[in-house]
Amino acid sequence: MGRAEERRARQRGGHRAAPTRSSATPAEGVGGGRAAARRAAKGKGAKKGNGKSGIRRLFTWKKILGAFFGFCLLGIGAFIALYMMVSVPNGNAAAQAAERQSNVYKYSDGTVLARSGKVNREIVDLSKVPKGVQHTFVAAENKTFYHDNGIDLRGTARGLYNTLRGRGAQGGSTITQQYVKNYYLSQEQTVTRKLKEMVISLKVDRQMTKDEILAGYINTSYYGRDAYGIQAAAQAYYGVDANKLKVEQGAYLAALLQAPSQYDWAVATDTGKQLVQARWNYVLDNMVEEGWLDKGERDAMTFPKPKKPKPAAGLEGQKGYLVDLANKQVEAQLMKQQGITQSQAEAEVVGQGWTITLNIDKKKQTQLENSVKSQLTSKLDPKKRKVDRNIQAGAVSVDPKTGKIVALYGGVDYFKHFTSNATRTDYQPASTFKPVILAAALDESAETQSGKPITANTIYDGTSKRQVVDNGTKVGFGPENEDDQNYGDVTVQTAMNKSINSVFAQMGVDVGMANVLKVAGQLGMDTEGMKPVPALTLGTMGASPLQMAGVYATLDNHGKQVTPTIVKTAEQSNRSVKMPDPIGEQVVTPQTADTVTSVLTGVVDDGTASTSVAENSARDGQQVAGKTGTSDDNKSAWFTGYTPDLVTSVGLFGEDAKTSAHAKMYGAGGEERVNGGGFPAKIWAAYTFGVSAKNSKFDLDTDQGAAVKPTKTATPSHSPTAPPSREPSTEPPTSEPPTSSAPPPSSPPASHSPSNSPSSSPPSSPVTTPPVGGATTPEGPPPDPLGQ
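Residues numbered from 1 in each chain as written. Predicted model: local features only at pLDDT ≥ 70, side-chain atom pairs only at ≥ 80, totals over all residues. Heavy atoms only, no water.

**Quick word on the overall build of the chain**
The number of helices and strands found in the chain is 25 helices and 16 strands. Residues counted as buried form 53% of the 788 residues belonging to the chain. Look at the contacts in the chain between residues 6 or more apart in sequence, and 73% of them connect residues 24 or more apart. Summing over all exposed atoms, the chain offers an accessible surface of approximately 34,900 Å²; the carbon and sulfur share of this is 51%. (Helix = DSSP H or I, 4+ residues; strand = E, 2+ residues; numbered from the N terminus. Buried < 20%, exposed > 50% of the residue type's maximum accessible area, 1.4 Å probe, protein only. Contact = heavy atoms within 4.5 Å. Areas by Shrake-Rupley, 256 points an atom, 1.4 Å probe, with all protein chains shown as cover.)

**Some details on the sheet that holds strand β1 (residues 104–106)**
Sheet strands pair by backbone hydrogen bonding; their relative direction is either parallel or antiparallel. Taken in spatial order, the five strands make up an open sheet running β2-β1-β3-β11-β12, and their pairing is mixed. The sheet terminates laterally at β2 (112–115) and β12 (576–577), the two strands that pair on one side only. Bridge count for strand β3 (residues 355–358) against strand β11 (residues 567–571) is four bridges, and the pairing is antiparallel. Within β11, the residue paired with Thr-355 across the bridge is Glu-571. With respect to the sheet, helix α15 (residues 319–338) is in contact with β1, β2, β3, β11 and β12, its orientation differing from that of β3 by roughly 110°. (Pairing = 2+ DSSP bridges. Axes fitted to C-alpha atoms, helices over the stretch in contact; angles between N-to-C directions.)

**Topic: the pairing of β11**
If a strand is regular, its side chains alternate between the two faces of the sheet. Across two bridges, β11 lies against β12 in antiparallel orientation. Within β12, the position partnered with Glu-571 by the bridge is Ser-576. Between the end of β11 and the start of β12, which pair antiparallel, lie four residues.

**Some points on the pattern of salt bridges**
Applying the stated criterion across every chain yields a total of 21 salt bridges. Residue Arg-424 is joined to Glu-655 by a salt bridge in which the shortest nitrogen-to-oxygen separation is 2.9 Å. Here Glu-655 lies in the loop between β16 (646–654) and α25 (679–691) and Arg-424 lies in the loop between β5 (405–409) and α18 (434–443), a separation of 231 residues in the sequence. Exposure remark for Glu-655: the relative accessible area of 7% places this residue in the buried category. For Lys-465, the salt bridge is made with Asp-484, and the minimal N-O distance between the two is 3.8 Å. Highlighted residues: Lys-465 in the loop between β6 (459–461) and β7 (469–470) and Asp-484 in the loop between β8 (473–474) and β9 (489–491), separated in sequence by 19 residues. What makes Lys-465 partly exposed here is its relative accessible area of 44%. Linked by salt bridges that have partners in common, Asp-148, Asp-205 and Lys-210 make up one network. (Salt bridge = Lys/Arg side-chain N within 4 Å of Asp/Glu carboxyl O.)

**Observations concerning the packing of aromatic side chains**
For the coordinates displayed, the defined rule picks out 18 aromatic pairs. Both rings, one in Phe-145 and one in Tyr-146, keep their centres 5.2 Å apart while their planes meet at 65°; by these two values the pair is edge-to-face. A relative accessible area of 29% places Tyr-146 in the partly exposed class. With centroids separated by 5.9 Å and ring planes inclined at 70°, the aromatic side chains of Tyr-237 and Tyr-252 adopt a geometry described as edge-to-face. A residue pair is termed long-range when its members are at least 10 positions apart, and Tyr-237 in helix α10 (residues 230–238) and Tyr-252 in helix α11 (residues 247–256) qualify at 15 residues. By way of ring pairs, the aromatic residues Tyr-237, Tyr-238, Tyr-252, Trp-265, Trp-280 and Phe-303 are connected into one cluster. The ring of Trp-280 carries Arg-298 above its face, with NZ or CZ at 5.8 Å from the centroid. (Phe/Tyr/Trp six-rings, centres within 6.5 Å; stacked < 30°, edge-to-face > 60°. Lys NZ or Arg CZ within 6 Å of the ring centre and 35° of its normal.)

**Considering the packing of α18 against helix α23 (residues 590–606)**
One can describe the packing of α18 onto α23 by two numbers: an axis separation of 9 Å at closest approach and a directional angle of 140°. The angle between α18 and α23 falls in the class oblique. Regarding α18 and α23, the two cross each other, and that crossing is right-handed. Facing Pro-435, Leu-438, Ala-439, Leu-442 and Asp-443 of α18, the residues of α23 in contact are Thr-592, Thr-595, Val-596, Val-599 and Leu-600. (Parallel < 35°, antiparallel > 145°, perpendicular 65-115°, else oblique. Left-handed = near helix turned anticlockwise from the far one by under 90°.)

**Considering the environment of Gly-216**
You can see Gly-216 is positioned in helix α9 (residues 210–220). Residue Gly-216 is classed as buried on the basis of its relative accessible area of 13%. For the pair formed by Gly-216 and Ile-175, sequence separation is 41 residues and the distance between their alpha carbons is 9.7 Å.

Structure representation (structure tokens):
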């Protein structure tokens, strides 16, 4: 059959043209096979995947692509509309003003404490700034500045995304965007402000030259030390005009913009100094990469340490220290609430017309200042003893029930010593850390190496240089007690009273140093980056009087965390900042906190602080808990103590008067060695007994420690070794140790309890004498002879 015939046959529905379908019914006829197959397939598909087929029809590639392009067109249209609607505004009042508004600071009773000096900013033409210094800012912030269009789309998108998710400000802005934010807008982190910033930046980049934008940026930025603009910064940090700045100095100023107060060399922590030096190197390396600086010249540069700051007028005496801490706490809260950077927060607070009321009690503040003068500074004679030039005192006093900082001592004078000794964290708290170890032991229900619970009555080996043991293995750490004094077997109570290093070194390992650091952080210490090593049991980390006051206030507050705050209210013309509640959650059990308090009453009544505090004629029946501390090489000495209504931490620090390096305090004030039970405890007593409630008693939920009167008195089987006359230190002895000593006691001595004070007697049950080197509780059996 030819093709024509085949075609005609198909048209007639002939048998030859129709495909054979085994499933076709006779009624469908041979010509309906193909249509029937389609209907059958359609029906079958509907039965198996009717929903899936519907979804495919709804979400086809064409529809998805169409929706995407439609969304893009909508976004572009919206941006064009925004671009047309938003114009470049006049500069904000604060940026245009030659002088910024003063902040007013008040005592808790509303009387004026201080007014911050007016912050002057002198605008300089970019031609007055050396070209190399100009390049430092570009290298630090925006290497593409000279050829970009004023915005970083990727960085802006990331910023918008983070703002929507509440993650706050993050990097990515160009110099143009930062200038726009400083001069035309505000520091708030909102989507609206970010979109305006982007649009205005695009317009500013078209209307202004790059040099004009750069000049605006370096003249409106905040550099710390109340300095706005590069001219003020050059004078504040290097005592020169902007046109005299060297490239390496410019690199430091450019690095400062990331975090002015954190990177200010005069007050920076060791970490802050490392960070700013790294940032400084980053700036110079970028300049070499961009061809703006010769590599040989860069390699020859050394870090240019800035001059010591000159505080603003009106902040003399203690005022500057109080104002500085208040500013920092308001800035920290703005960073948290608005998601802004530290640099932005500082720019929002300094010289912005705030009225900040502090928690400082005028009477207590005066009493603290007078106590430091009467008990310390009046006894120092730099002309007679060179070491007296190096003595620095710091103190913080806190109400444990409210967390309010009621008094603070930052140094001899804000004009003479810019760094606040109340908040500095570069000195060791030494033995004032021992109560934290005990708190960790109690809260973690820790046991000795022989499996006995650690309590105030647990017996430890107080032999000097005794090697610490962990699961039968020596850990390579055996600290020396002061003057290499051996105490033999003593209770934890006695070990705290006498500040016996060897006992707490072993206890820290028994608890687990990771657990110790965990509890330390919960109590308020900054433990970030610390490694859980046994040496920390000697208090070898850094801490400030502010931190230690918070730790002990938490103990005084029955284990509810206290974060000391100096700010009562902070108000501006059109807004206020709500400060966080200083009283937090329960971080250790009330029984743990109260037991530590009970034990610490023994330190005062029968330990290293007995002479200065317990026997002080002004005590008048007050119950006191506290701990002394003296660091390695006598570079710091502490007394942190509390009554039921007031916690105060006093620190004494050796700081070289010329170099600011840590210095030894031997011989200061005519004392052979400066101990926590000396000047710090005397300052504490003169202050506390002058302002604290009389005849106050602790309300303790515990059956342990010196504050709990025993039902029975233990009888020692041997005469106790004579205790040292001074606070044990973490250092090797500076004088010859005793040539002989009485044999170590096999049980703790009965403690003396002075009149009008709680008893500090030993355990309420007879002591089971353990072998020397063991640790147990009085009620339990002796440990195995392998040690704790």
